[in-house]
Amino acid sequence: MSRKVMITTGSRLHWGLLSLAPASGREFGGIGLMVEDPSLTLSAKISPQGHDTILCNEECRPKIAAAIDATRRHLAASLREQFFSLELNSEIPLHSGFGSGTQLSLAVARALTLLLEEQILSSMELARRVQRGARSALGIHGFDSGGFLVEGGKCKPDEISPLVLRTDFPEDWKILLITPIDQPGISGNVEAHAIQQLGPMPLEVTERLCRLVLMQLIPALKTRDFEAFSSGLTAFGHTVGGFFTPAQGGIFANPRMVELENLLNSKGIQGIAQTSWGPTLSIVCASSDDAENVSSIITQNGYGEFCSLRTVSPLNQGAQIQIKDSA
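Report follows, based on the coordinates.

So, how was this worked out
- Residues numbered from 1 in each chain as written.
- Predicted model: local features only at pLDDT ≥ 70, side-chain atom pairs only at ≥ 80, totals over all residues.
- Heavy atoms only, no water.
- Phe/Tyr/Trp six-rings, centres within 6.5 Å; stacked < 30°, edge-to-face > 60°.
- Core = buried A, V, L, I, M, F, W, Y, C linked by side-chain atoms within 4.5 Å.
- Buried < 20%, exposed > 50% of the residue type's maximum accessible area, 1.4 Å probe, protein only.
- Helix = DSSP H or I, 4+ residues; strand = E, 2+ residues; numbered from the N terminus.
- Contact = heavy atoms within 4.5 Å.
- Axes fitted to C-alpha atoms, helices over the stretch in contact; angles between N-to-C directions.
- Parallel < 35°, antiparallel > 145°, perpendicular 65-115°, else oblique.
- Left-handed = near helix turned anticlockwise from the far one by under 90°.
- Nonpolar A, V, L, I, M, F, W, Y, C, P; charged D, E, K, R; others polar.
- Expected span 1.5 Å × (residues − 1).
- Arc of directions from axis to C-beta.
- Salt bridge = Lys/Arg side-chain N within 4 Å of Asp/Glu carboxyl O.
- Pairing = 2+ DSSP bridges.

Before going further, it helps to spend a moment on the packing of aromatic side chains. Note on aromatic pairs: each is described by the distance of the centres and the angle between the planes. Enumeration according to the criterion identifies 10 aromatic pairs in this entry. An aromatic cluster is present here, built from W15, F148, F169, W173, F226 and F229 joined pairwise through their rings.

Following this line, the structure appears as structure tokens:
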């Protein structure tokens with residue numbers, strides 16, 4: 001019997017953390033949302049060639065190889081000489097605020113455990129294998145369940161932030177993603193250095209962010225109050241962006257995005273927040289028609305010349321897995 005595993009997962013939007021370098025209590029935490037697109041599809045099977053084979057673009061190749069090696073180190077000794085053939089059929093853009101690294105690493109780790117018919121491991125256990133979750137665990141929990149997510153932060157450096165709340169995001173609400181062309185966001189060591197330079201987040205900032213999450217964003221989702229959610233997300237994004245201004249040069253990483261937000265605000269459009277370090281900006285819209293209207297405003301005012309636009313749906317389920325066994 002030969003086995004082929006295919007895993008499909010969406011992107012993670014990270015709308016901001018809740019705490020940084022506090023004098024006491026948990027650090028990081030944050031809120032985010034899984035969306036259907038951009039999506040990643042990875043197929044994997046046992047390789048008969050005596051070595052691993054990886055079919056993907058050159059930028060993703062070392063990430064997949066690293067995830068294979070990290071997973072292999074945790075296998076039983078009898079399985080470590082097994083080799084794999086992996087193909088990335090669709091990918092999430094790197095360094096754009098979509099959490100591509102976590103989704104890719106978890107997809108590889110999950111695929112290999114399924115190929116070898118290992119015991120079922122949680123995404124938290126897989127994340128430890130492939131060393132994800134150093135700061136945010138939103139993508140880890142999103143890989144499991146999709147939806148709108150709130151993570152609680154971590155007390156110890158080697159801890160993975162626990163999931164505090166997961167709830168469905170209204171399916172008819174759409175998210176317009178605006179990504180400046182040729183300006184990648186920061187990640188890895190550069191991200192870690194930027195965080196170190198910021199210093200502690202003032203307690204009053206953390207308190208404001210937590211209040212917005214607990215008293216506005218979550219209730220608005222539960223009651224499907226779009227106006228309350230969109231205004232709350234704008235306030236959350238501005239509060240986080242204000243703290244990160246010394247590291248990214250402004251409320252948003254790209255100064256043209258600040259101009260764009262001012263334009264949209266003048267037309268009564270809210271629900272705007274950067275995802276992670278950007279450069280992607282997300283706008284929550286009440287419907288597909290509203291998303292089309294916002295997109296038209298953006299392109300008519302010249303921003304479409306240096307940005308890519310896509311309207312996506314929330315993803316309220318975890319990664320999809322297909323297993324095919326053949327003789």
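For the rest of this paragraph, the subject is the nonpolar core. Within the largest apolar cluster, 77 residues are counted, with the highest numbers of intra-cluster contacts made by W15, F148, F169 and F229. Among the elements that take part in this core, helix α2 (residues 100–115) stands out by supplying 9 residues, more than any other. Discounting chain neighbours no more than four positions away, the residues touching F229 are W15, F148, F169, W173, L217, A220, L221 and V284. Core analysis: the second largest hydrophobic core is formed by 19 residues, L260, L263, L281 and I297 among them.

Another point: the packing of helix α1 (residues 61–72) against α2. In the contact formed by α1 and α2, the axes pass within 9 Å of each other and the chain directions differ by 45°. With respect to each other, α1 and α2 are oriented oblique. Crossing geometry of α1 relative to α2 is assigned as right-handed. Each of K63, I64, A67, I68 and T71 in α1 lies in contact with α2, whose residues at this interface are L104, S105, V108, A109 and L112. Classifying every residue of the contact of α1 with α2 gives 7 nonpolar, 2 polar and 1 charged.

Moving on: helix α8 (residues 255–266). Under the 1.5 Å per step criterion, the end-to-end length of α8 is 17 Å for 12 residues, consistent within 8% with the ideal 16 Å. If you check which residues of α8 are buried, you get M257, L260, E261, L263 and L264. Each buried residue of α8 lies within a common arc of 160° when the element is viewed along its axis, so the set occupies one face. Looking at α8, the residues exposed on the side facing more than 90 degrees away from the buried face are P255 and S266.

So, about the pattern of salt bridges. For side chains bearing opposite charge, pairing can occur when the charged atoms are close. Here the structure, examined in full by the defined rule, presents 9 salt bridges. One salt bridge connects R72 with D69, and the closest N-O pair in it is separated by 3.6 Å. Taken as a pair, R72 and D69 lie in helix α1 at a separation of 3 residues, close to a single helical turn. Between R224 and D172 there is a salt bridge whose closest N-O contact spans 2.7 Å. Here the residue R224 occupies a position in the loop between α6 (203–223) and α7 (226–248), and D172 occupies one in the loop between β6 (163–167) and β7 (174–180), the gap between them amounting to 52 residues. When its relative accessible area of 46% is taken as the criterion, R224 is described as partly exposed. Its relative accessible area of 38% is what places D172 among the partly exposed residues.

The next point concerns unusual backbone geometry. P38 follows D37 through a cis peptide bond whose omega is 5°. Of note, P38 is situated in strand β2 (residues 30–46). Note the cis peptide between G278 and P279, where omega equals 5°. Here P279 shows up in the loop between β8 (272–274) and β9 (281–285). In this model, Q131 sits at a positive phi of 60°, which is unusual for a non-glycine residue. Here Q131 lies in the loop between α3 (123–129) and α4 (138–145). Not every positive phi belongs to a glycine, and R224 is a case in point at roughly 55°.

A separate point is the pairing of strand β5 (residues 148–151). Each regular strand shows side chains that alternate between the opposite faces of the sheet. Residue alternation in β5 divides its side chains into two sets, F148 and V150 and L149 and E151, and both sets are buried. Where β2 lies against β5, 4 bridges are found, and the strand directions are antiparallel. Looking at β5, one finds that G30 is bridged to E151. Taken together, the 4 bridges between β5 and β6 define a ladder with antiparallel strand orientation. Along β6, the bridge assignment pairs F148 with T167.

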